[in-house]
Every structure is written in C-alpha cells, then in structure tokens.
Amino acid sequence: VEGDAFVGRESEIRTIKERLLGREFGNVSIIGIPKIGKSSLMQRSLLTNVEQLWEDNRTVVVWYTMKRPIEENIRIERRTVFIRLVDEVYHALKRHKEYELIDLLKEYYDIVKEQDVVWSEFEQNILYFFEEIVYAKIRVIYCIDEFDYSKDFLGESEYELLREISYRNSNKIAIVTTSRRSIYDIEHYSGGGSNFFSTFENVYLKPFGKEEHDKQCSLASSINSDDITQLYSNFGGHPYLSALALKNFVGGKKMDECLSAINQEVLKYYADLFYVMGKD
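Everything in this summary refers to the structure shown in the same document. Position numbers for residues count from 1 along each chain, tracking the sequence in the order it is written. Whole-chain, interface and lining totals are the exception, using all residues; otherwise, since this is a predicted model, local features are given only for residues with pLDDT of at least 70 and side-chain atom pairs are given and counted only at 80 or more. Where side-chain values are given, they derive from all heavy atoms of the structure, hydrogens and water being excluded.

**Digging into the side chain of His96**
Put simply, the test is: Comment: elements are numbered from the N terminus, with helices defined as DSSP H or I runs of at least four residues and strands as E runs of at least two. Relative accessibility thresholds used throughout: buried, under 20% of the residue-type maximum; exposed, over 50%; partly exposed, between the two (1.4 Å probe, protein chains only). Whether two residues are in contact is decided by their heavy atoms: any pair within 4.5 Å suffices.
By the element assignment, His96 lies in the loop between helix H5 (80-95) and helix H6 (99-113). By relative accessible area, which is 18% here, His96 ends up buried. In this structure His96 touches Glu51 and Trp54, once residues within four positions along its chain are discounted.

Here you go:
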C-alpha cells in the first residue's frame, strides 16, 4: 500500500525512524499476522525515501525478500542474503559516485563474490567490507522482508554473522525485518545457539484502532458514520479485510451488500491464516 492509500501507523513509523535515524541506530523487527501491513510499513518508513536518506544522512537502504518459489528456496545458497547486501551497497555507492571508497572495497567485494571461497574467508571479508563503510561515515539499512523463510536455509553461522555486522560498532549496519513470528522463534527453529534476536527492537503490528480505521474509510467518498461503524464491528480494524469491503463500496454497493460480496474472500483469508499459524 503506497502513496495516499497508506494511512495511520504514525506511532510505529516514529519508533522505526527514532531507532534507525537517531544516535541509537539498531535493528528493528516488524511482527504481525499476514496482510496486517508489515511490508507496507517498511516501504513507507524507509524505501520511499531512499534518495532523501542518502542526501540527508549518507544512508544506503537495501531491500531483499526471503520469500521464494519452493523450488528456488530448496536450492538457495546460505550466502545469498549477504551477497545480495554487498552487491546492492556496492552499486549504490557507484551510483552516488563514491569512487574512492569503491576502490577500497573492490578487493573485499571480489572475494565475497567468489563461489568457492571458504566460509571463514567469506565472513572476514564481509566484516572488512563494512568496516570501510563505517569508517567513511556511511550508514547501511538492510530491509529483509518475509524473514520467517530464513529458517528454511539459514543456520547458526549465518545468524551469527548477521548479528556481528549489526552489533559491532566497527562494522555496524542496521537490519529491519518483517515476519509473522519473533526473531527468537525463527532463529531457534534452526536449533542453534545464536542470540541474533537480542539485537532487535520489536514493533508489533496490530489491526487499526478506531481512529486509523476512520482514516482508511475516509478514502472512500460518500461513506457515512454508520457504514464506518458497521465495517469496524465486522473486521475489527483489519486493514486488508476492510479494504476488500471498501473496494466494493466505491463500486456503488451498500455496506451490507459489500460484506456479503466478499464473504468467501474473508473465509479464505482466515483459512490461509490458520494454515500459516499451524505451519509455524
């Protein structure tokens, strides 16, 4: 959800920006059930302001999603999450004409990209890469969407490296994740002993409160207070389910008709939700 269609979440946006753009500069985990607006919040808080963040704070923002087709998930390399990060940062610095820094990073970048490099060398050159970036007073924010899927291919070594590059001041970046479950639950699913989870500030995303729900409904012209109240009593401020009804309402239907029209979609959403929760 982008642009004028995005409403509310002022408190959560403030928390994310205070954590990432202030002196604290640490990891943030956005947690909530499916379709509650986690990815939209990440987008609104950071990804829509990529160029401005560079101009104002010399901050590079990188995005990656761990959700992949099943076949791709099976064969995905454990190092992919790091290679994608290094790739995106390297090319962002090129785009901003940081040529002197690029020259310093090239040796580390080339080693990280080697397919047959051993893990210890791969890990060390990741650390060297970000030490140079920190020394140049550049911040990196790594947005990782759908972090639940990390349990399918990351192990203790990878979680520990993520922790190290987002914890040690000498090579510190900030990691922002979206997930259904807490990082603690996801990380310990792998059975390892890493405590990557302890570096995060958690933002738990709930359905809209009444005020935010009213703002969402106001996007639909000609809606009255009775319709708004009826919608809230049916869906409790769930932004996705409310949006389904409002889409029909804008098409000229009465609210009762809208709720009836989307009944099967609502039931499917809950069937999918229970499936995901059972799987988790």
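**Here we look at the nonpolar core**
For soluble globular proteins, the rule of thumb is that nonpolar side chains tend to be buried together. What counts here: To form a nonpolar core, buried Ala, Val, Leu, Ile, Met, Phe, Trp, Tyr and Cys residues must be joined to one another through side-chain atoms within 4.5 Å.
Val89, Leu93, Phe129 and Phe130 are the most contacted members of the largest nonpolar core, which has 45 residues in total. Elements supplying a minimum of two residues to this core: strand S2 (59-65), H5, H6, helix H7 (119-135), strand S3 (139-145), helix H8 (156-165) and helix H9 (183-189). With eight residues, the single largest contributor to this core is H5. The residues contacting Leu93, other than those within four sequence positions of it, are Trp54, Val60, Glu98, Leu101, Ile102, Leu105, Ile133 and Ile138.

**Concerning the sheet that holds strand S5 (residues 200-204)**
Adjacent strands of a sheet pair through backbone hydrogen bonds, lying either parallel or antiparallel. To keep things clear, this is the line we draw: A strand pair is defined by DSSP finding two or more bridges across the two strands. Fitted lines through C-alpha atoms serve as axes, helices being fitted only where they are in contact, and the angles separating the N-to-C directions of these axes extend from 0 to 180 degrees.
An order of S2-S3-S4-S1-S5 is seen for the five strands of this open sheet, with the pairing classed as parallel. Only two strands of the sheet have a single neighbouring strand rather than two, namely S2 and S5. The mean angle between the axes of side-by-side strands here comes to 15°, regardless of whether they run parallel or antiparallel. The sheet contact formed by S2 and S3 spans seven bridges and is parallel. Bridging across to S3, Thr65 finds its partner in Asp145.

**With respect to a nonpolar patch on the surface**
Which entries qualify depends on this criterion: Patch membership requires more than 30% relative accessible area and the absence of a salt bridge. Residues of like charge join within 9 Å; the nonpolar side chains Val, Leu, Ile, Met, Phe, Trp and Tyr join within 5 Å. All accessibility values rest on the Shrake-Rupley procedure with a 1.4 Å probe; residue burial counts only the protein chains present in the view. The term salt bridge refers to a side-chain nitrogen of Lys or Arg lying within 4 Å of a carboxyl oxygen of Asp or Glu.
Nonpolar side chains collect at one region of the surface, where Tyr270, Phe274 and Met277 lie side by side and expose about 330 Å² of accessible area between them. As for its placement among the helices and strands, Tyr270 is situated in helix H14 (residues 263-279). Judged by its relative accessible area of 33%, Tyr270 falls in the partly exposed class.

**Regarding the packing of H7 against H8**
Helix packing geometry: the angle between the two helix axes and the distance between the axes. Note the threshold: Roughly parallel refers to an angle under 35 degrees, roughly antiparallel to one over 145, roughly perpendicular to one between 65 and 115, and oblique to any angle outside these ranges. Throughout, a crossing is termed right-handed when the near helix is turned clockwise from the far one, and left-handed when it is turned anticlockwise from it by less than a right angle. All amino acids are sorted into three groups, where Ala, Val, Leu, Ile, Met, Phe, Trp, Tyr, Cys and Pro are nonpolar, Asp, Glu, Lys and Arg are charged, and the leftover types, Gly among them, are polar.
One way to put it is that H7 packs onto H8 with a least axis distance of 10 Å and a crossing angle of 20°. Our classification of the angle between H7 and H8 gives roughly parallel. Considering only the axes of H7 and H8, their crossing is right-handed. Facing Trp119, Phe122, Glu123, Ile126 and Leu127 of H7, the residues of H8 in contact are Ser157, Glu158, Leu161, Glu164 and Ile165. Of the residues contributing to the contact of H7 with H8, the split by class is six nonpolar, one polar and three charged.

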